[in-house]
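Observations on the three-dimensional arrangement
Here is what each chain is made of, one letter per residue.
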Amino acid sequence: MKLILSEKDVRILDHPPAPVEQILLEQGINPLEVIVSRNGKVIPEDTIIAADEEVRIIRIAHGG
Amino acid sequence: MGGDGMSNGGVKCGVPHCSLCNEPAVLCQRHLDLHLCKAHFIADMELRVTNTIKTRQMIAPGDCITVALSGGKDSTALLLLLHRLLPLWEDVRLVAITIDEGISGYREETMHSAEHLTDSLGIEHHCLSFSGLFGHSLDTLLAGRESQACTICGILRKKALAVGARQAGGTKLATGHNLDDESQSVLMNIFRNDLPRLVRNSGVDSSGKFITRIKPLSLISEKEIATYLILNNAWNELPECPYTHYAMRREVRSMLSDFEYKHPGTMFNLIKSKEKIERCKKESVVSESLRSCNECGDPCSGDLCQICRLRQTFG
């Protein structure tokens, strides 16, 4: 499983299929503070991610 | 939860379905246990913003709504939404106002983003700067007092927006404050024992001395705003203000976000509690009477307005 948080922060995990929410919490990320996309599509936190999939995690910056 | 997906090690891997149709969901509204697809999410958000505006009578026929557009995500979503919803009201126009505080390495990108957005929507856009209005950039003013960044910037920006709105002929000033911002403010005012500020409602001013401020996104979460922008191809990954790490709000934001995650509905309940306190406030206990600043004559609650008090501290 591949988590892309930014160009400089890409995490490869040896992880069985699991909900996005569980994966984020294990990485110390509050699911309310990010948006997750897979194949360019936004997905909710209860989406199950397969072991060989790649997801992008977009941090929501404060302000604006 | 329903959902299409592939099989992977005996586990079904897929996206939950929208609770209202068969399309893949993009977001789950946890407090309602409701999954929404792109179309239903956008429609839901636009309806909720419309309801907030109508219920609180934020817009009236003939209004000129000046939108405080920093170029960040909240004000970008606000301008997009108001631009889309505007046909619901008669004879209402939008003007965007951007304040360049003068924050090196940060403001350039958001200013550019604001200009691009107003150009693409064909909305009149006014830019003002701290340097032009107050003689110095924020970076210069903050030298040696960075820990006060948000307080000083907030006071000056409020004044700058009021000047910009007046120059643009605005009847209302719309800001992109969202549910997270508003609930954080409730907690911060309580932490500071600042009850007058807690119950102050700049949207209601019978004196006519202030431009009426409206917050159409005040019941929309930060995550919903970001999702709305991404789904509308209007998301820009912009830098965070370099002064935010000095701010108490940053700590409150993190704490409240954790609490909201564990207890969905917490932020909304904080807003409801504030509104209840507003309704039953005793004037003598928490309200401040409106006076005029001894120096400049602007409306304020003490002898001097915040700007003149700030000027004194700068010598």
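Residues numbered from 1 in each chain as written. Chains lettered and ligands numbered in written order. Predicted model: local features only at pLDDT ≥ 70, side-chain atom pairs only at ≥ 80, totals over all residues. Heavy atoms only, no water.

Quick word on the sheet that holds strand β6 (residues 93-100) of chain B
All names here are of chain B. Taken together, five strands build an open sheet; the order of strands is β7-β6-β5-β8-β9 and the sheet is parallel. Bordering the open sheet on either side are β7 (124-129) and β9 (212-214), each of which pairs with just one other strand. Here the strands of the sheet are splayed against their neighbours by 30° on average, with no regard to which way each runs. Here six bridges tie β6 to β7, and the two strands are oriented parallel to one another. Its bridge partner lying in β7, Ile99 is registered against Leu128. Packing of helix α3 (residues 107-121) onto the sheet brings it into contact with β6 and β7, and relative to β6 it is tilted by some 165°. (Pairing = 2+ DSSP bridges. Helix = DSSP H or I, 4+ residues; strand = E, 2+ residues; numbered from the N terminus. Axes fitted to C-alpha atoms, helices over the stretch in contact; angles between N-to-C directions. Contact = heavy atoms within 4.5 Å.)

Looking at the interface of chain B and chain A
Taken together, the contacts link 40 residues of chain B with 29 residues of chain A. Here chain B and chain A share an interface that buries about 2,700 Å² over both sides, 59% of which is from carbon and sulfur atoms. Our count for the chain B to chain A interface comes out at one salt bridge. Residue Lys223 of chain B is joined to Glu45 of chain A by a salt bridge in which the shortest nitrogen-to-oxygen separation is 2.4 Å. For the side of chain B that touches chain A, the class distribution of residues is 16 nonpolar, eleven polar and 13 charged. (Buried area = accessible area lost by both parts, 1.4 Å probe. Salt bridge = Lys/Arg side-chain N within 4 Å of Asp/Glu carboxyl O. Nonpolar A, V, L, I, M, F, W, Y, C, P; charged D, E, K, R; others polar.)

Describing the pairing of strand β3 (residues 25-29) of chain B
Residues and elements named next belong to chain B. Of all five residues in β3, five are buried, a share of seventy percent or more. Bridge count between β3 and strand β4 (residues 34-37): four bridges; the pairing is antiparallel. When the sheet's bridge partners are listed, Leu27 is paired in β4 with Leu36. (Buried < 20%, exposed > 50% of the residue type's maximum accessible area, 1.4 Å probe, protein only.)

Digging into the pattern of salt bridges
All names here are of chain B. Counted by the stated rule, this structure contains 21 salt bridges over all chains. A salt bridge links Lys73 to Glu222; the shortest N-O distance between them is 3.1 Å. Here Glu222 lies in helix α9 (residues 222-231) and Lys73 lies in helix α2 (residues 73-85), a separation of 149 residues in the sequence. The same class applies to Lys73 as to Glu222, namely buried. Ionic pairing is found between Glu101 and Arg157, a salt bridge with its closest N-O pair at 4.0 Å.

A short note on the layout of surface pockets
All names here are of chain B. The computed volume of the second largest pocket comes to approximately 650 Å³. Contributions of two or more residues to the lining of the second largest pocket are made by β3, α1 (38-55), α7 (179-191), α9, α10 (248-262) and α11 (266-279). With five residues, the top contributor of residues to the lining of the second largest pocket is α1. When the residues that make up the lining of the second largest pocket are grouped by side-chain class, the tally is ten nonpolar, nine polar and twelve charged. (1 Å grid on protein atoms, 1.4 Å probe; cavity = no way out; pocket = protein on both sides within 12 Å on 5 of 7 lines; lining within 4 Å. Points joined across faces, edges and corners; volume = space filled by probe spheres on them.)

A few points about the sheet that holds strand β7 (residues 54-59) of chain A
If you trace the five strands from one edge of the open sheet to the other, you get β2-β1-β7-β4-β5 (chain A), paired in mixed fashion. Edge positions in the open sheet fall to β2 (10-12) and β5 (41-43) of chain A, since each of these has one partner strand only. Here the strands of the sheet are splayed against their neighbours by 30° on average, with no regard to which way each runs. Of the strands in this sheet, β4 (34-38), β5 and β7 of chain A touch α9 of chain B, which is tilted by about 35° from β4 of chain A.

Regarding unusual backbone geometry
All names here are of chain B. The phi dihedral of Asp33 falls on the positive side, at around 55°, and the residue is not glycine. Structurally, Asp33 is set in the loop between β3 and β4. Backbone geometry places Asp91, a non-glycine residue, at a positive phi of 55°. Mapped onto the fold, Asp91 is located in the loop between α2 and β6. Residue classification places Asp91 among the exposed residues on the basis of a relative accessible area of 65%.

What about the pairing of strand β5 (residues 64-68) of chain B?
All names here are of chain B. Of all five residues making up β5, five are buried, and the element is well covered by its neighbours. In β5, alternate side chains face the same way, and those of Cys64, Thr66 and Ala68 on one face and Ile65 and Val67 on the other are all buried. With five bridges joining them, β5 and β6 adopt parallel strand pairing. Note on β6: the bridge partner recorded for Cys64 is Arg93. As a crossover connection, the stretch from β5 through α2 into β6 is right-handed. Here three bridges tie β5 to strand β8 (residues 172-174), and the two strands are oriented parallel to one another. Residue pairing for β8: Val67 is matched across the bridge by Ala174. (Right-handed = clockwise from strand over helix to strand, strands pointing away.)

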